[in-house]
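Here is what each chain is made of, one letter per residue.
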Amino acid sequence: MWIGWMEFDLLLGDVHSLKEKRAVVRPIVAELRRTFALSAAEVGDQDLHRRSSVGVAAVAADAAHLIEVLDTVERFVADRPEIELLSARRRMRSSDDD
């Protein structure tokens, strides 16, 4: 079993309040969950209105499939016109790891 997770550091576009931020981030998180059947949440920078950290996690039977899923998720986030992807940090672990 393989477990992988990514954290995206996002710069939001024309956002001037936390309410406007939620209107941008919530649909992205919901679409990640629905489209890729993985766990997703806003995991940081909740008090900043133009920045957000979104985390995703997935489980797969083999590393190749997990890499494919995480690559696809990263492209999906990077292609969103309303945000700028500043960085993406990725980690993977096997159930055989110590």
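This text goes with the structure placed above it.
What counts as what
Residues numbered from 1 in each chain as written. Predicted model: local features only at pLDDT ≥ 70, side-chain atom pairs only at ≥ 80, totals over all residues. Heavy atoms only, no water. Salt bridge = Lys/Arg side-chain N within 4 Å of Asp/Glu carboxyl O. Helix = DSSP H or I, 4+ residues; strand = E, 2+ residues; numbered from the N terminus. Buried < 20%, exposed > 50% of the residue type's maximum accessible area, 1.4 Å probe, protein only. Contact = heavy atoms within 4.5 Å. Core = buried A, V, L, I, M, F, W, Y, C linked by side-chain atoms within 4.5 Å. Pairing = 2+ DSSP bridges. Axes fitted to C-alpha atoms, helices over the stretch in contact; angles between N-to-C directions. Left-handed = near helix turned anticlockwise from the far one by under 90°. Nonpolar A, V, L, I, M, F, W, Y, C, P; charged D, E, K, R; others polar.

Chemist: For this particular structure, what's the right way to read the pattern of salt bridges?
Modeler: Oppositely charged side chains can form a pair if their charged atoms are brought close together. Applying the stated rule across the entire model yields 7 salt bridges. A salt bridge links Asp71 to Arg90; its shortest N-O distance comes to 2.7 Å. Pair noted here: Asp71 is in helix α2 (residues 63-78) and Arg90 is in strand β4 (residues 83-94), with a separation of 19 residues, a long-range link. For the salt bridge of Arg80 with Glu82, the shortest nitrogen-to-oxygen distance reads 2.8 Å. For Arg80, a relative accessible area of 16% corresponds to the buried category. Among the ionic contacts, a cluster of salt bridges with common partners joins Glu31, Arg80 and Glu82.

Chemist: What is the right way to read the environment of Leu85 from this model?
Modeler: Position of Leu85 relative to the elements: it lies in strand β4. Look at Leu85 and you get partly exposed, because its relative accessible area is 22%. Placed 21 residues apart in sequence, Leu85 and Ala64 show a C-alpha to C-alpha distance of 24 Å. Once residues within four sequence positions are removed from consideration, Leu85 is found in contact with Phe8, Asp9, Leu10, Glu74, Val77 and Ala78.

Chemist: Got a minute to help me understand the nonpolar core in this structure?
Modeler: Here is a general trend for soluble globular proteins: nonpolar side chains tend to be buried in one another's company. Of all hydrophobic cores here, the largest spans 24 residues; its most connected members are Leu32, Leu38, Val56 and Val73. For this core, the secondary-structure elements that each account for two or more residues are β1 (2-12), α1 (18-36), β3 (51-60) and α2. Once you skip the residues sitting within four places of it in the chain, Val73 turns out to touch Phe8, Leu32, Phe36, Leu38 and Val56.

Chemist: Can you help me understand the pairing of strand β2 (residues 39-44) in this one?
Modeler: Residues in a regular strand project their side chains so that they alternate between the two faces of the sheet. One ladder, built from 5 bridges, connects β2 with β3; its direction is antiparallel. Directly across from Ser39, in β3, lies its bridge partner Ala57. Hairpin connection between β2 and β3: a loop of 6 residues separates the two successive antiparallel strands, and Asp45 in this loop has a positive phi of roughly 60°.

Chemist: Help me understand the packing of α1 against α2, please; the structure alone is not making it clear to me.
Modeler: In the contact formed by α1 and α2, the axes pass within 12 Å of each other and the chain directions differ by 145°. For the element pair α1 and α2, the recorded crossing hand is right-handed. Together, Glu31, Leu32 and Phe36 of α1 and Thr72, Val73, Phe76 and Val77 of α2 make up the contact between the two elements. The residue inventory of the contact of α1 with α2, partitioned by class, reads 5 nonpolar, 1 polar and 1 charged.

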